[in-house]
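What follows is each chain in one-letter form.
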Amino acid sequence: MTANPSPPPALTARALNRATLSRQLLLAREQVGVEEAVRRVVALQAQQPGSPYVALWNRVAGFDPAGLDAAVESFRLVRSTLMRITLHLVHTDDYRPFREAVEPTLRGSRLRDRRFTESGITPEDADTLLPDLLAYASRPRTGEELRARAEESWGGGSLTPAAGRLLRQYAPLWHVPGGPPWQYAASPGFVASGPEPARTGPEAAAAGLETLARRYLAGFGPASAADLAQFGLVQRGRARAALDGLVRDGAAEVLAGPDGTVLYDLPGADRPDGDAPAPPRLMAMWDSTLLAYADRSRIVPAAYRRQVIRVNGDVLPTLLVDGYVAGAWRPVAGGIEAAAFHPLTAADWAGLAAEAAALGGLLADRDPRVYARYDHWWAKGLPAAETRVLPY
């Protein structure tokens with residue numbers, strides 16, 4: 001009689017960190033095109049237009065920003081309001097299932113917002129006028145043009161600018177690229193999201209979330225139901241149902257995490273040893289790895305969370321040392337100012353200096369002060385153990 005095999009040991013916190021870095025192309029830059037890179041990392045948070053460029057520079061060997069320009073201009077990569085009700089850059093083939101997955105969240109947050117309903121318009125009114133609005137947006141339109149068209153189609157009174165903004169955040173629209181330096185202007189145009197709009201309703205939402213769950217595990221696993229719920233800002237019960245469905249279909253397996261946490265992952269997915277070396281990185285502002293988990297200590301030490309994830313939601317560009325956030329950085333005249341939250345070794349500083357010199361080439365051709373508007377966080381003070389300007 002054969003004894004039952006013992007279960008695999010629980011994954012350690014460092015093993016989870018290394019798994020994330022590997023899936024996110026952060027253990028080593030890889031020779032991969034920008035479209036495939038975006039699919040591999042699932043999505044790039046993109047409310048700061050320069051961040052997708054910095055994020056891909058961290059991940060793609062020989063990254064050429066012109067390749068990202070071309071993918072955006074051809075709508076092979078598209079920017080829209082998606083997970084966590086914020087702007088993401090995703091592959092066009094992923095847009096529809098991702099949108100269907102988070103549609104209930106978008107609907108509740110945008111169409112039941114007091115600023116929307118105070119205009120007198122209801123979610124049902126929005127459903128009625130959306131087909132005409134999307135037909136009108138078959139070519140690029142400004143936000144004001146869309147608001148005026150919706151107001152005319154509705155016929156129920158004046159649609160405030162705030163209500164118009166919430167409606168277009170809910171509507172399946174893509175942002176229209178506007179050229180260098182980072183393609184998307186502060187007030188972009190909008191266009192309907194392709195010939196086949198995303199579906200609505202419980203069945204579409206469940207199918208979309210199952211797709212998002214599978215892709216999330218590929219890019220961020222192993223992870224818990226709470227992690228998936230945080231990534232998509234979906235109800236935890238929906239997230240668990242999607243993951244359990246993958247397990248039933250044999251598309252995912254259950255693992256044990258630290259402290260007995262129930263984790264899910266794809267069978268055979270890469271899970272490096274916790275001792276795998278992790279090179280230093282200068283992470284983009286709002287990099288998804290800092291926001292993709294309910295337990296953000298996988299990447300962000302608890303002591304530093306409030307320093308890099310600010311009270312208004314800004315997520316500062318960070319130093320990654322040995323796989324974990326170790327400080328913050330910003331572009332300054334002639335280089336990168338790196339503020340380390342704890343003492344770093346000479347080897348750490350040398351690695352960061354090499355990264356800064358390489359990043360300088362990208363920024364110099366685009367916008368050397370890419371994050372300058374966020375300098376006020378430095379003016380208010382960061383708890384730096386040491387600050388250095390690393391020259392380009």
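Everything discussed here concerns the structure shown above.
Residues numbered from 1 in each chain as written. Predicted model: local features only at pLDDT ≥ 70, side-chain atom pairs only at ≥ 80, totals over all residues. Heavy atoms only, no water.

A. Quick look at the nonpolar core. Formed by 64 residues in total, the largest nonpolar core has its most connected members in Leu56, Phe63, Leu282 and Leu359. Breaking this core down by element, the ones donating at least two residues are helix H2 (34-40), helix H3 (51-57), helix H4 (65-73), strand S9 (318-321), strand S10 (324-332), strand S11 (335-340), helix H14 (346-364) and helix H15 (376-379). Ranked by residues supplied to this core, first place goes to H14 with six residues. Aside from chain neighbours lying at most four places away, what touches leucine 359 is Val54, Trp57, Leu282, Trp329 and Ile336. (Core = buried A, V, L, I, M, F, W, Y, C linked by side-chain atoms within 4.5 Å. Buried < 20%, exposed > 50% of the residue type's maximum accessible area, 1.4 Å probe, protein only. Helix = DSSP H or I, 4+ residues; strand = E, 2+ residues; numbered from the N terminus. Contact = heavy atoms within 4.5 Å.)

B. How the structure looks around the packing of helix H11 (residues 225-232) against helix H12 (residues 236-248). Running from amino to carboxyl end, H11 crosses H12 at an angle of 120°, the nearest separation of the two axes being 8 Å. Accordingly, the angle class assigned to the pair H11 and H12 is oblique. Crossing angle aside, the handedness with which H11 passes H12 is right-handed. Contact residues: Ala225, Ala226, Leu228 and Ala229 in H11; Arg236, Ala239, Arg240 and Leu243 in H12. Among the residues forming the contact of H11 with H12, the class breakdown is six nonpolar, no polar and two charged. (Axes fitted to C-alpha atoms, helices over the stretch in contact; angles between N-to-C directions. Parallel < 35°, antiparallel > 145°, perpendicular 65-115°, else oblique. Left-handed = near helix turned anticlockwise from the far one by under 90°. Nonpolar A, V, L, I, M, F, W, Y, C, P; charged D, E, K, R; others polar.)

C. Molecular detail of the side chain of aspartate 94. If you trace the backbone, aspartate 94 turns up in helix H5 (residues 92-111). The class for aspartate 94 is buried, based on a relative accessible area of 3%. Beyond its immediate stretch of four places on either side in the chain, aspartate 94 contacts Arg39 and Arg215.

D. Layout of helix H1 (residues 13-23). In terms of burial, H1 is a largely internal element, nine of the eleven residues being buried. Of all the positions in H1, only Ala15, Leu16, Asn17, Arg18, Ala19, Thr20, Leu21, Ser22 and Arg23 are classed as buried. Where H1 is buried, its residues meet H2, helix H10 (202-220), strand S7 (262-265), S9 and S10.

E. Just the layout of surface pockets, in detail. Roughly 720 Å³ of volume is contained in the largest pocket. Considering the residues around the largest pocket, the lining is formed by 32 residues, among which Gln47, Arg79, Leu87, His175 and Ala186 are closest to the centre. Secondary structure elements with two or more residues in the lining of the largest pocket: strand S2 (77-81), helix H8 (143-154), helix H9 (161-170) and strand S4 (173-176). Here the residues of the lining of the largest pocket are counted per class, giving 15 nonpolar, ten polar and seven charged. Forming the boundary of the second largest pocket are 13 residues, of which Leu16, Pro258, Thr261, Asp295 and Arg298 lie nearest the centre. (1 Å grid on protein atoms, 1.4 Å probe; cavity = no way out; pocket = protein on both sides within 12 Å on 5 of 7 lines; lining within 4 Å. Points joined across faces, edges and corners; volume = space filled by probe spheres on them.)

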